[in-house]
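What follows is each chain in one-letter form.
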Amino acid sequence: GWRERALDRITAMRRWQLAGCTAALVGIVVALDWFSRAEIAAALGYLLPISFAAWGLGRLGAAVTGLLCASAWLLVDLATGDDAAGIEAVNLVVLAVAFTLFGQLLGALREQLDHERRLAHTDSLTAVHNRRAFWNAIAREAERCRRHGTVFSLAYIDVDGFKGVNDRFGHSAGDELLRRIALELRRERRQLDMVARLGGDEFVVLLPGTGVLGAGRVVTRLQRRLQKAAWRQAFDIDFSIGCLTVLEAPAETEAIVARADELMYDVKRSGRGMLRHDVLPSPDLLGGPVLQPMPPRQRAGSPPSRLAT
């Protein structure tokens, strides 16, 4: 709804923009206080800039804004009223405490909400995004692709030999391995990319705005980083990767993920530790080579990789 959009807009603003808007709101409320001469309504009006500061700048910003609003209210009241100085001092203390408490409560609520959102979209084991966050993100990318023609890519990654790790070393070692894999994927990703764990030993990397060539470079670098990890040989594992570049998104977002998953299983059936790259729509519509099986390393007696047409 409009409230969610407004809060998201506030969250996306820079701190100097938030500070400027907060100061502007304080100025507007002070002007209304000056001309209205309404005691109670004016005091309540100061809650607006405090709320804005608490949501955008946090509890410290809310505290500073609360003290500023209480001081502004006192100055206006001294200029327009005839109350005794002692009463004005008491009013200042009461308003300062009330404004500060209100700002702190709202700021704490914002922090708790952010924490709950992170928990809802984060995999508890690996600290990367979870399945829910990934599906939300790819749905947005697919919609952008359908509306604006923005291409994107995703890489579906499965750990070859992971079951053997659990059987030989125990589940705690398997969990530690998943955390190390997630860390390597996060180190290689760009700022806009998303790394998510879909469950078990399956990971996915979403590459917004990345075409065929860019996705090939990114995923190949990612593959090499995983290959060179010092812990990989100790666990005797490999990585099967299915990479899909979406030029035209189908009506069903599930079809995109299903195709990337299918590419990954094609790799597993062909042999461990390879990368297969495809595009949507189908190759027949593109009229060119689209599959790029690339083995992560040349094993003894294995044939060299080539571009499949």
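Procedures and definitions
- Residues numbered from 1 in each chain as written.
- Predicted model: local features only at pLDDT ≥ 70, side-chain atom pairs only at ≥ 80, totals over all residues.
- Heavy atoms only, no water.
- Phe/Tyr/Trp six-rings, centres within 6.5 Å; stacked < 30°, edge-to-face > 60°.
- Helix = DSSP H or I, 4+ residues; strand = E, 2+ residues; numbered from the N terminus.
- Buried < 20%, exposed > 50% of the residue type's maximum accessible area, 1.4 Å probe, protein only.
- pLDDT = per-residue confidence, 0-100.
- Contact = heavy atoms within 4.5 Å.
- Salt bridge = Lys/Arg side-chain N within 4 Å of Asp/Glu carboxyl O.
- Pairing = 2+ DSSP bridges.
- Axes fitted to C-alpha atoms, helices over the stretch in contact; angles between N-to-C directions.

## Some details on the packing of aromatic side chains
Here is step 1 of the chain: All chains considered together, the criterion is met by three aromatic pairs.
Here is step 2 of the chain: Seen in terms of ring centroids, Tyr46 and Phe99 are 6.1 Å apart; in terms of plane orientation they differ by 45°. Their pairing is tilted. Of this pair, Tyr46 sits in the loop between helix H3 (39-45) and helix H4 (47-80) while Phe99 sits in helix H5 (residues 85-120); the two residues are 53 residues apart in sequence, bridging distant segments of the chain.
Here is step 3 of the chain: Judged by relative accessible area, Tyr46 falls into the buried class, the value being 0%.

## Observations concerning the confidence of the model for the protein chain
Here is step 1 of the chain: Per-residue confidence for the protein chain gives a mean pLDDT of 82, with 87% of residues at or over 70.
Here is step 2 of the chain: Per-residue pLDDT, averaged within each element of the protein chain, yields its smallest value for helix H12 (residues 283-286) (44) and its largest for strand S3 (residues 202-208) (95).
Here is step 3 of the chain: Within the model, the stretch residues 284-309 combines pLDDT values under 50 with 49 contacts to residues more than four positions away or in other chains.

## Some details on the pattern of salt bridges
Here is step 1 of the chain: Tallied over the entire structure, the rule returns 17 salt bridges.
Here is step 2 of the chain: Between Lys268 and Asp160 there is a salt bridge, and its shortest N-O distance comes to 2.6 Å. Of this pair, Lys268 sits in helix H11 (residues 253-270) while Asp160 sits in strand S1 (residues 152-160), placing them 108 residues apart in sequence.
Here is step 3 of the chain: In this structure, the salt-bridge partner of Arg180 is Glu176, at a minimum N-O distance of 3.4 Å.

## Concerning the sheet that holds strand S4 (residues 238-246)
Here is step 1 of the chain: Across the sheet, which stays open at both edges, the five strands sit in the order S2-S3-S1-S4-S5 with mixed pairing between neighbours. The outermost strands of the open sheet, each flanked by one partner alone, are strand S2 (194-199) and strand S5 (275-280). Pairwise comparison of adjacent strand axes, ignoring direction, gives a mean angle of 20° for this sheet.
Here is step 2 of the chain: Here nine bridges tie S1 to S4, and the two strands are oriented antiparallel to one another. Across the sheet, the residue bridging to Ala155 is Cys243, located in S4.
Here is step 3 of the chain: Along the sheet face, helix H8 (residues 171-188) touches S1, S2, S3 and S4 and points at about 10° away from the line of S3.
Here is step 4 of the chain: Here helix H9 (residues 212-228) sits on the sheet in contact with S1, S3, S4 and S5, set at roughly 165° to S4.

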